[in-house]
Amino acid sequence: MAKRQGKVYLGYEEEIIGEKNQALLNYKVNKIGGFPNWPPLDNLKYSSKCPLCGLHRMLIVQCYAPLENSAYHRTLYVFACISPNCWNLSEGWECVRSQIQESMVTKKDSITVTESAANLAWCNAADEWDENDNGDSTNGNVMNVDNEPANNGMRNSDDDESNSYELETVEQALGNLQMFDAHNANMSPQGAVGSNCGPEAAAELEGGDEPGLVIVETPTATMSDIEALLHQTAELPIELRNKLLRAPMQFIPKYIYVEEEYKNSCLNDDRVTELLNKYKNENEIDLGGFAEWGPCAGAGGGDEEVYEEAAPLHGDKLFQTFVTRLKNNPGQILRYTRDEAPILGAPLTNSAIPESPSVPNVCNRCGSRLICELQLVPEFADTLKISPNDILLSHLHFLSVLIFTCSQSCWQAMDTVVNEIVVFQPEIV
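Values in this document were obtained by computation on a predicted structure and should not be read as measured data.

Colleague: It is not clear to me how the overall build of the protein should be interpreted in this structure. Could you clarify?
Modeller: In terms of helices and strands, the protein carries seven helices and 10 strands. When the 429 residues of the protein are sorted by exposure, 31% land in the buried category. Accessible surface, the protein as shown: approximately 29100 Å² in total, 50% of it carbon and sulfur.

Colleague: Honestly, the pattern of salt bridges in this entry has me stumped. Any pointers?
Modeller: Two side chains with opposite charge may pair up if their charged atoms get near one another. Tallied over the full model, the rule gives 11 salt bridges. Ionic pairing is found between Glu 239 and Lys 243, a salt bridge with its closest N-O pair at 3.8 Å. Of the two residues, Glu 239 and Lys 243 are both situated in helix H5 (residues 238-246); the distance of four residues between them amounts to about one turn of the helix. Accessibility expressed as a relative area gives 31% for Lys 243, which makes it partly exposed. A network of salt bridges, in which partner residues are shared, links Glu 261, Arg 325, Arg 335 and Glu 340.

Colleague: Please explain the nonpolar core as it appears in this structure.
Modeller: Generally speaking, a soluble globular protein has its nonpolar side chains buried in company with each other. Grouped together as the largest cluster of nonpolar side chains are 40 residues, with contacts concentrated most on Ile 60, Ile 82, Trp 87, Trp 93, Leu 376 and Phe 380. A total of four residues in this core trace back to one element, the largest contributor, which is strand E3 (residues 58-64). With near-sequence residues (within four places) excluded, Trp 93 lies in contact with Arg 57, Ile 60, Val 78, Phe 79, Ala 80, Trp 87, Leu 376, Phe 398, Val 401, Val 422 and Phe 424. Counting nine residues, the second largest nonpolar core, distinct from the first, contains Leu 348, Cys 363, Leu 402 and Cys 406.

Colleague: What is the right way to read the environment of Phe 398 from this model?
Modeller: Its location among the elements puts Phe 398 in the loop between strand E8 (370-376) and strand E9 (400-406). The exposure class of Phe 398 is buried, given its relative accessible area of 1%. Along the sequence, Phe 398 and Ile 428 sit 30 residues apart, while their C-alpha atoms lie 8.6 Å from each other. Phe 398 has contacts with Trp 87, Trp 93, Leu 376, Val 377, Pro 378, Phe 380, Ala 381, Phe 424, Gln 425 and Glu 427, leaving out every residue within four places of it along the chain.

Colleague: Explain the packing of aromatic side chains here, please?
Modeller: Tallying each qualifying case throughout the model produces 12 aromatic pairs. Taken together, a centroid distance of 6.1 Å and an interplanar angle of 75° make the contact between Phe 398 and Phe 424 edge-to-face. Residue Phe 398 is located in the loop between E8 and E9, and its partner Phe 424 is located in strand E10 (residues 418-425); the two are separated by 26 residues in the primary sequence. Phe 424 gets classed as buried once you look at its relative accessible area, which sits at 2%.

Colleague: Help me understand empty space enclosed by the protein in this model?
Modeller: In this approach the atoms are scanned with a rolling probe the size of a water molecule, which exposes any empty space left behind. What the rule picks out here adds up to one cavity of 30 Å³ or more. There is about 90 Å³ of room inside the largest cavity. Along the wall of the largest cavity there are 13 residues; nearest its centre are Arg 335, Thr 337, Ala 341, Pro 342 and Gln 375. In terms of residue count, the dominant contributor to the lining of the largest cavity is E8 (four residues). Here the lining of the largest cavity is composed, by residue class, of seven nonpolar, two polar and four charged.

Colleague: So what exactly am I meant to see when it comes to the state of the cysteines here?
Modeller: As used in these notes, a disulfide is a covalent bond between sulfur atoms, one from each of two cysteines. Within the structure shown, the criterion is met by zero disulfides. Cysteine Cys 86 remains unbridged, with the sulfur of Cys 53 as its closest cysteine sulfur at 3.7 Å. Free cysteine: Cys 366, not disulfide-bonded; nearest cysteine sulfur from Cys 406 at 3.5 Å.

Colleague: Teacher, can you tell me more about the side chain of Lys 31 here?
Modeller: Position of Lys 31 among the secondary structure elements: in strand E2 (residues 31-32). Of the side chains with opposite charge, Glu 19 comes closest to the buried, unpaired Lys 31, at an N-O distance of 11 Å. Polar side-chain contacts of Lys 31 include one of 2.5 Å to the backbone oxygen of Phe 35. Side-chain polar atoms of Lys 31 contact the side chain of Asn 37, separated by 2.8 Å.

Cut-off values and rules
Residues numbered from 1 in each chain as written. Predicted model: local features only at pLDDT ≥ 70, side-chain atom pairs only at ≥ 80, totals over all residues. Heavy atoms only, no water. Helix = DSSP H or I, 4+ residues; strand = E, 2+ residues; numbered from the N terminus. Buried < 20%, exposed > 50% of the residue type's maximum accessible area, 1.4 Å probe, protein only. Areas by Shrake-Rupley, 256 points an atom, 1.4 Å probe, with all protein chains shown as cover. Salt bridge = Lys/Arg side-chain N within 4 Å of Asp/Glu carboxyl O. Core = buried A, V, L, I, M, F, W, Y, C linked by side-chain atoms within 4.5 Å. Contact = heavy atoms within 4.5 Å. Phe/Tyr/Trp six-rings, centres within 6.5 Å; stacked < 30°, edge-to-face > 60°. 1 Å grid on protein atoms, 1.4 Å probe; cavity = no way out; pocket = protein on both sides within 12 Å on 5 of 7 lines; lining within 4 Å. Points joined across faces, edges and corners; volume = space filled by probe spheres on them. Nonpolar A, V, L, I, M, F, W, Y, C, P; charged D, E, K, R; others polar. Disulfide = S-S within 2.5 Å. Lys, Arg positive; Asp, Glu negative; His and termini not counted. Polar contact = N/O pair within 3.5 Å; in protein donor to acceptor, adjacent residues only side chain to side chain.

The structure is reproduced here in structure tokens:
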């Protein structure tokens, strides 16, 4: 994912990883959830227990991130404790980096797909295309006649007989129907008459000493502190908590599709101007000052009036810029880069909140500069559902999760995993 300088790569949620594809997974696959796919290293040990509560952390994302001109395969694994008391704390999260040299990867660790297996995977049930001989295949399309309405939606003779019989039965029943209401329109000479003193509509409740009495219980919880109510989270279900005490669980595994971030730039401004001038000459029309309005209009000190973006009503320009950047590429769940700073929806330091996360800048192992290599954005939380019952926990949300790694990717011969730094930013209320 980290290849060219100055590029930002965006991750998008893709299809669920089915059971038949589990054997194809390895440390080179970018995925959401599941269990970690470790490289084939000797004596690789990792404890997924949360130091705060003792529950097993769950894998959030696995990111294959090789470096240019490096002999190592390199993968980032991000884990988190889903306990409500740990999820919103950076200490409840953990990122470990694992590396393996290309020369250490043996043939037995690589997965090959034989020709017969590939044919089976792509052509499974291929004979089913021609099972229905009644279809019209003149244009290459097969129409399943058995699933189509008979005679293009027209009734056949059997349907007509059945419907006519039912109609006669209904007519006989209506003919035998007698009305005993004196105010009915069929028996009263003045037509239908409404009663002015008819009984009032009422609802009857079965049981109880006082029929018709509805008791409404008012909530006892305070409703004045809205911010406190928004931060309230329910405890984990007992069954789920007991499972996490015994062994790790997994979110439903899904592939991640990666593409380069699209940015509005001035690189094609000359091309736009050229096309506008060509259109003007061919059509002999005056475009006025339109040709001067390109993606970078207003950057210089021209006399033309330019559009200036107004400040948001809530006054938080940092958050507004964060949201706008995400909307430029809707659907993104993560951002990866080793060359650009992350986009922030809130400051990393806040003097008013002593426990707010600070910006790390030095690697604890080698003293090199740290960089924010991976960022999870709010839509990532929507992808997290616990397997196998698609359990969705309401408190699994955030503003950003920032992964800071060593700029030199320091590694020693005896290393199997190296801890990186995670900074969790909660949602803004």
